[in-house]
Amino acid sequence: RVGRNSSLPFDSNSFDYILACHSCYYLDEGQSMRDNLEEYARVLKKGGHLVASVPNQDSYIMNDANQLEDGSSLITNDPYNNRIGYRLHAFSNTTDIRDYFSDLFEQFSFGSSSADYYGIHEKVFWVVCQKR
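Numbering of residues starts from 1 in every chain and runs along the sequence as written. Reporting of local features is limited, given that this is a predicted model, to residues whose pLDDT is at least 70; pairs of side-chain atoms are given and counted only at 80 or more, and all residues count toward the totals for whole chains, interfaces and linings. Heavy atoms throughout the structure, all of them, feed into the side-chain values; hydrogens and water do not.

S.K.: I keep staring at the sheet that holds strand β5 (residues 73-74) and nothing clicks. Help me out?
M.R.: The strands that make up a sheet are held in pairs by hydrogen bonds between backbone atoms, and each pair lies either parallel or antiparallel. What makes two strands pair is DSSP finding at least two bridges between them. Secondary structure elements follow DSSP: runs of H or I no shorter than four residues count as helices, runs of E no shorter than two count as strands, and numbering proceeds from the N terminus. Taken in spatial order, the 4 strands of this open sheet run β2-β6-β5-β4, and their pairing is antiparallel. Each of the sheet's edge strands pairs with one partner strand only, and the pair in question is β2 (26-27) and β4 (66-67). As defined by bridge partners, β5 adjoins strand β6 (residues 87-88) across 2 bridges and the pair is classed as antiparallel. Across the sheet, L74 pairs through a bridge with R87, a residue of β6.

Written as structure tokens, this is what we have:
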């Protein structure tokens, strides 16, 4: 099925687990990261788990990005030239992630990844949490 982060083509309470690898932080026009999380929570069963990666504010993709009022950033510099003009939501630390997700999710576990792809330094947080 084809859908968007803020409009998943599945019934409510459909899944025990969602894996959102490098995806949940892409924002459609007029949508926020909160809209995406609400949609993920909608399709998860009560007690279901979300496993997601979210960008670290220090990751290469956030270099020179324009910070917007809703906490997202407009990408202006992408060495791969495929995300310029996209809105992404990044986080500075795990406390910020917990605070942002906690209305919908609980039982948090965090990890992080830092990789250097031939001079392009990607940094992400991994979060595992349970729907309230």
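And the narrative resumes.
S.K.: Just to check I follow, could you spell out the nonpolar core for this structure?
M.R.: It is characteristic of soluble globular proteins that their nonpolar side chains tend to be buried jointly. Among the nonpolar cores identified, the biggest contains 32 residues, and C24, M33, L50, V54, F101 and F105 are the most heavily contacted of them. Those elements that provide at least two residues to this core are β1 (15-20), α1 (33-43), β3 (44-55), α2 (94-101), β7 (105-117) and β8 (120-131). It is α1 that contributes the most residues to this core, 5 residues altogether. Any two residues whose heavy atoms approach within 4.5 Å are treated as being in contact. The residues touching L50, leaving out its near neighbours within four places in the chain, are I18, A20, L37, Y40, L44, F101, F105, V127, V128 and C129. The set of buried Ala, Val, Leu, Ile, Met, Phe, Trp, Tyr and Cys residues whose side-chain atoms join them within 4.5 Å is what this entry labels a nonpolar core. Only protein chains enter the area calculation, which uses a 1.4 Å probe; residues under 20% of their type maximum are buried, those over 50% are exposed, and those in between are partly exposed.

S.K.: Sorry, what's going on with unusual backbone geometry here?
M.R.: One can expect most non-glycine residues to show negative phi and most peptide bonds to be in trans. Despite not being glycine, N13 has its phi angle at roughly 60°, a positive value. By the secondary structure assignment, N13 is in the segment before β1. Exposure remark for N13: the relative accessible area of 44% places this residue in the partly exposed category. Of note in this structure, H22 is not a glycine but carries a positive phi near 55°. Inspection of the secondary structure assignment puts H22 in the loop between β1 and β2.

S.K.: What is the right way to read the sheet that holds β1 from this model?
M.R.: Pairing is mixed across the open sheet formed by 4 strands, whose spatial order is β1-β3-β8-β7. Of all the strands in the sheet, just β1 and β7 have a single pairing partner and so form its edges. Between one strand axis and the next, the sheet turns through 10° on average, direction left out of account. Sheet topology places β3 next to β8; 7 bridges connect them, and they run antiparallel. Along β8, the bridge assignment pairs V51 with V128. Convention adopted: a line fitted to C-alpha atoms gives each axis, helices being fitted over their contacting stretch, and angles between N-to-C directions are expressed from 0 to 180 degrees. Those strands touched by α1 are β1, β3, β7 and β8, and its axis lies near 145° from that of β3. α2 contacts β3, β7 and β8 of the sheet and is inclined by roughly 135° relative to β7.

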